[in-house]
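Spelled out from the first residue to the last, the chains are:
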Amino acid sequence: MASTAACAVLIVSADEVRSERATSALSPSCQVYQTADMSAAMDEISIGRPLIVVIDGSLPADVVTGLLGVISDPDRAVLWVPEPRVDLFEYGPFTQIPHDAADSALVAAVERVLVLQGIRAEMARYQESADRLKQVMDVVTDVRDGVNSPLTAIMAEAELVLMDADQLTPEHRKSVETIQAMTLRIRDLLTRLHELGKAE
């Protein structure tokens, strides 16, 4: 399982024996917090410290559903229930582990939730990178489009001047040829940017 620094669990249970059992099972791998009070649990959830919330399904129904409503993310909670409760599925596909299951089942459920959170975080990072790349490509497209018209005009003027090259001094002719060569180079770069934009 993850290191303590990467894993924090809030156990919400009014049953001291069950709360200690869960703490004992999860504390070797996670930082564990406990509360029996819904208000304290909501405070902990709202500040975003616990990554995973283990809710004792034997708490009053309004407490359980209230917490599920606040969490609303099945990748953030595990229900530890006396027996599976179909009525709680309307709040989302939260994992339900029976009280009489081995402690290893609770640990495995928390590990699965932690893995799902990691996958979601990784996907968010990939999406952020893709969004940044799209922004860069949009800027590249704007630059390409903005430069293309004046560049075409410069190339046309250089061609016109070179048509009368015999009237130019060698220095002037060389300068115009340099301008022409540089505009062709810029045009090639713009073409490559255009191809890159199409590939993205």
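Note: the structure precedes this text.
**Q** Could you give me a rundown of the environment of I97, with the residues and numbers involved?
**A** With respect to the element layout, I97 can be found in strand 5 (residues 95-98). Under the relative-accessibility criterion, I97 is labelled buried at 8%. With 17 residues separating them in the primary sequence, I97 and W80 have C-alpha atoms 4.9 Å apart. Contact partners of I97, with chain neighbours within four places excluded, come to V78, L79, W80, V81, A105, L106, A109 and R112.

**Q** How would you sum up the side chain of S13? Please name residues and give values.
**A** Take S13: it is sitting in the loop between strand 1 (8-12) and helix 1 (16-26). Within the structure, S13 has its side chain in polar contact with the backbone nitrogen of D15 (distance 3.1 Å). Look past the residues within four positions of S13 in its chain and what remains in contact with it is R18, S19, T35, A36, D56 and L59.

**Q** Break down helix 1 for me, citing the residues and quoting the values.
**A** Taken as a whole, helix 1 has its buried residues at R18, S19, A22, T23 and L26. Angular distribution of buried residues about the axis of helix 1 spans 135 degrees; they occupy a single face of the element. Seen from the open side of helix 1, the exposed residues pointing more than 90 degrees away from its buried face are E16, V17 and S24. Looking at the packing, one finds that the buried side of helix 1 touches strand 1, strand 2 (31-35), strand 3 (52-56), strand 4 (77-81) and helix 4 (103-163). The opening residue of helix 1, the one whose side-chain oxygen lies 3.0 Å from the backbone nitrogen of V17, is D15.

**Q** Could you give an account of the state of the cysteines, with specific residues and numbers?
**A** All told, the structure shown has 1 disulfide when counted by the stated rule. Bridging C7 to C30, the disulfide has an S-S length of 1.8 Å. Disulfide C7-C30: the torsion about the S-S bond is 75 degrees, which places it as right-handed. Within this pair, whereas C7 is found in the segment before strand 1, its partner C30 is found in the loop between helix 1 and strand 2, the two being separated by 23 residues in sequence. For C7, a relative accessible area of 1% translates into the label buried. Residue C30 is classed as buried on the basis of its relative accessible area, which comes to 3%.

**Q** How would you summarise the nonpolar core if you had to cite specific residues and measurements?
**A** Counting 19 residues, the largest nonpolar core has V9, L26, V54 and V78 as the members making the most contacts within it. Per-element tally for this core: the top contributor is helix 4, with 6 residues.

**Q** Help me get a handle on the pattern of salt bridges, residues and values and all.
**A** Note on pairing: side chains with opposite charge can pair once their charged atoms come close. Taken as a whole and assessed by the stated rule, the structure comprises 11 salt bridges. Notably, a salt bridge pairs R18 with D56, separated by 2.9 Å at the nearest N-O pair. Here D56 lies in strand 3 and R18 lies in helix 1, a separation of 38 residues in the sequence. The pair R18 / D56 is uniform in exposure class, with both members buried. Here the salt bridges do not stand alone but share partners, grouping D15, R18 and D56 into one network.

**Q** Lay out the sheet that holds strand 2 with the relevant residues and their values.
**A** Within the open sheet, the 5 strands sit side by side as 2-1-3-4-5. Their pairing is parallel. The sheet is open, and its two borders are formed by strand 2 and strand 5, each paired with just one other strand. Pairs of neighbouring strands in the sheet enclose a mean axial angle of 20 degrees, with direction left out of account. Each of strand 1, strand 2 and strand 3 is contacted by helix 2 (residues 38-46), which is oriented at about 160 degrees to strand 1, the strand it contacts most. Contacts from helix 3 (residues 61-71) reach strand 1, strand 3 and strand 4, with the element oriented near 165 degrees to strand 3.

**Q** Describe helix 2, with residues and values.
**A** Turning to helix 2, its buried residues number three or more, namely A41, E44 and I45. Taken down its axis, helix 2 places every buried residue within 100 degrees of arc, on the same side. Here the buried face of helix 2 lies against strand 1, strand 2, strand 3 and helix 3. Sitting at the head of helix 2, D37 places a side-chain oxygen 3.3 Å from the backbone nitrogen of S39.

Cut-offs used in this document
- Think of each chain on its own: its residues are numbered from 1, step by step along the sequence as written.
- At least 70 in pLDDT is required for a residue's local features to be given in this predicted model, at least 80 for side-chain atom pairs to be given and counted, and no such filter applies to totals for whole chains, interfaces and linings, which use all residues.
- Hydrogens and waters are ignored; side-chain quantities use all the structure's heavy atoms.
- Helix and strand definitions follow DSSP, with helices as H or I runs of at least four residues and strands as E runs of at least two, each counted in order from the N terminus.
- Any residue under 20% of the maximum accessible area for its type is buried, any over 50% is exposed, and the rest in between are partly exposed; the area is computed with a 1.4 Å probe on protein chains only.
- Note on definitions: a residue-residue contact is assigned when non-hydrogen atoms from the two residues lie within 4.5 Å.
- N or O atoms within 3.5 Å of each other form a polar contact, as long as, within protein, one can give a hydrogen and the other can take it, and as long as residues adjacent in sequence are counted only when both atoms are side-chain atoms.
- The arc in question is the one spanned by the directions pointing from the helix axis to the C-beta atoms.
- Put simply, a disulfide is two cysteine sulfurs that come within 2.5 Å.
- Take the buried Ala, Val, Leu, Ile, Met, Phe, Trp, Tyr and Cys residues and link them wherever side-chain atoms come within 4.5 Å; each set so joined is a nonpolar core.
- Salt bridges are defined as contacts in which a side-chain nitrogen from Lys or Arg sits within 4 Å of a carboxyl oxygen from Asp or Glu.
- For two strands to pair, DSSP has to find at least two bridges joining them.
- Angles run from 0 to 180 degrees between N-to-C directions of axes, and those axes are lines fitted to C-alpha atoms, restricted for helices to the stretch in contact.

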